[in-house]
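Residue-level listing of the chains:
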Amino acid sequence: MITMLVTYAGDEQTPFDRDHWINAHFPLVRESWGPYGLVSAGGFFPQGDGAGLIAVGVVNFRDEAAMETALNSSETAQVMADVDTVTAVKPQRSIVKPL
């Protein structure tokens, strides 16, 4: 399995629709990328100062090939367009490979 972390930088003043992100965006992610090897997708909101992060998405794929296929699929345009509904902050992706 391979994990993609999707982070959103900001502070308490940064507009971010938490309800839409959890209840609409993640179901869209699961529907869009499930056929390509998505294992799970969810998110959380860091407590405390969050070190400048307002939200973190955790997206697990079967393997790196599945992740690349999903990200290059036509459905990714819809997933990314939905991010604009949540916030104007552009997410950053990082990959966590198993040890």
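Just above, that's the structure.
Basis of the calculations
Residues numbered from 1 in each chain as written. Predicted model: local features only at pLDDT ≥ 70, side-chain atom pairs only at ≥ 80, totals over all residues. Heavy atoms only, no water. Helix = DSSP H or I, 4+ residues; strand = E, 2+ residues; numbered from the N terminus. Rg over C-alpha atoms; globule rule 2.2 N^0.38 Å. Buried < 20%, exposed > 50% of the residue type's maximum accessible area, 1.4 Å probe, protein only. Contact = heavy atoms within 4.5 Å. Pairing = 2+ DSSP bridges. Axes fitted to C-alpha atoms, helices over the stretch in contact; angles between N-to-C directions. Salt bridge = Lys/Arg side-chain N within 4 Å of Asp/Glu carboxyl O. Core = buried A, V, L, I, M, F, W, Y, C linked by side-chain atoms within 4.5 Å. Arc of directions from axis to C-beta. Polar contact = N/O pair within 3.5 Å; in protein donor to acceptor, adjacent residues only side chain to side chain.

> How do you make sense of the overall build of the chain when you look at a structure like this?
Counting its regular elements, the chain contains three helices and four strands. Across the chain, helices and strands are ordered from the amino to the carboxyl terminus as β-α-β-β-α-α-β. Here the C-alpha radius of gyration of the chain, 13 Å, is about what a compact globule of 99 residues would show, namely 13 Å. Along the first, second and third principal axes, the C-alpha set of the chain runs to 35 × 30 × 20 Å. Put simply, the chain has 99 residues, and 40% of those count as buried. Partitioning the contacts of the chain with sequence separation of at least 6, the portion at a separation of at least 24 is 71%.

> Would you explain the sheet that holds strand S3 (residues 53-61) in this entry?
Think of a sheet as strands paired side by side through backbone hydrogen bonds, with each pair either parallel or antiparallel. With respect to topology, four strands assemble into an open sheet ordered S2-S3-S1-S4, the strand pairing being antiparallel. At either margin of the open sheet sits one strand with a lone partner, and together these are strand S2 (38-44) and strand S4 (92-96). Strand-to-strand twist of the sheet, defined as the mean angle between neighbouring strand axes without regard to direction, takes the value 20°. Judged from the five bridges that link them, strand S1 (residues 2-9) and S4 form a sheet pairing that is antiparallel. Bridge assignment links Met4 to a residue of S4, and that residue is Ile95. Taken strand by strand, helix H2 (residues 64-71) contacts S1, S3 and S4, and its axis lies near 45° from that of S1.

> Help me out: how do you make sense of the pattern of salt bridges in this one?
As a working rule, side chains carrying opposite charge can pair if their charged atoms are close by. Under the defined criterion, the tally for this structure stands at three salt bridges. Notably, a salt bridge pairs Glu64 with Lys97, separated by 3.4 Å at the nearest N-O pair. A residue pair is termed long-range when its members are at least 10 positions apart, and Glu64 in helix H2 and Lys97 in the segment after S4 qualify at 33 residues. Residue Lys97 is classed as exposed on the basis of its relative accessible area, which comes to 51%.

> In this structure, what is going on with the nonpolar core? I would like to understand it.
Side chains of nonpolar character tend, in soluble globular proteins, to be buried together. With 25 residues, the main nonpolar core has Met4, Tyr8, Phe16, Trp21, Trp33, Val59 and Phe61 as its most contacted residues. Among the elements of the structure, S1, helix H1 (18-33), S2, S3, H2 and helix H3 (75-86) are those that each provide at least two residues to this core. Considering each element in turn, this core owes the most residues, five residues, to H1. Residues contacting Tyr8, with those up to four places away along its chain left out, are Phe16, Trp21, Gly52, Leu53, Ile54, Ala55, Val83, Thr87, Val89 and Pro91.

> Any chance you could explain H2 here in plain terms?
At 3.6 residues per turn, the α-helix brings residues three or four places apart onto the same side. Inspection of H2 places Ala66, Met67, Ala70 and Leu71 among the buried residues, and these make up the whole buried set. Buried residues of H2, seen end-on, are gathered within an arc of 125° and therefore sit on one face of the element. In this fold, the buried residues of H2 make contact with S1, H1, S3, H3 and S4. For H2, the side-chain oxygen to backbone nitrogen distance between the N-cap and Ala65 is 3.3 Å, and the N-cap itself is Asp63.

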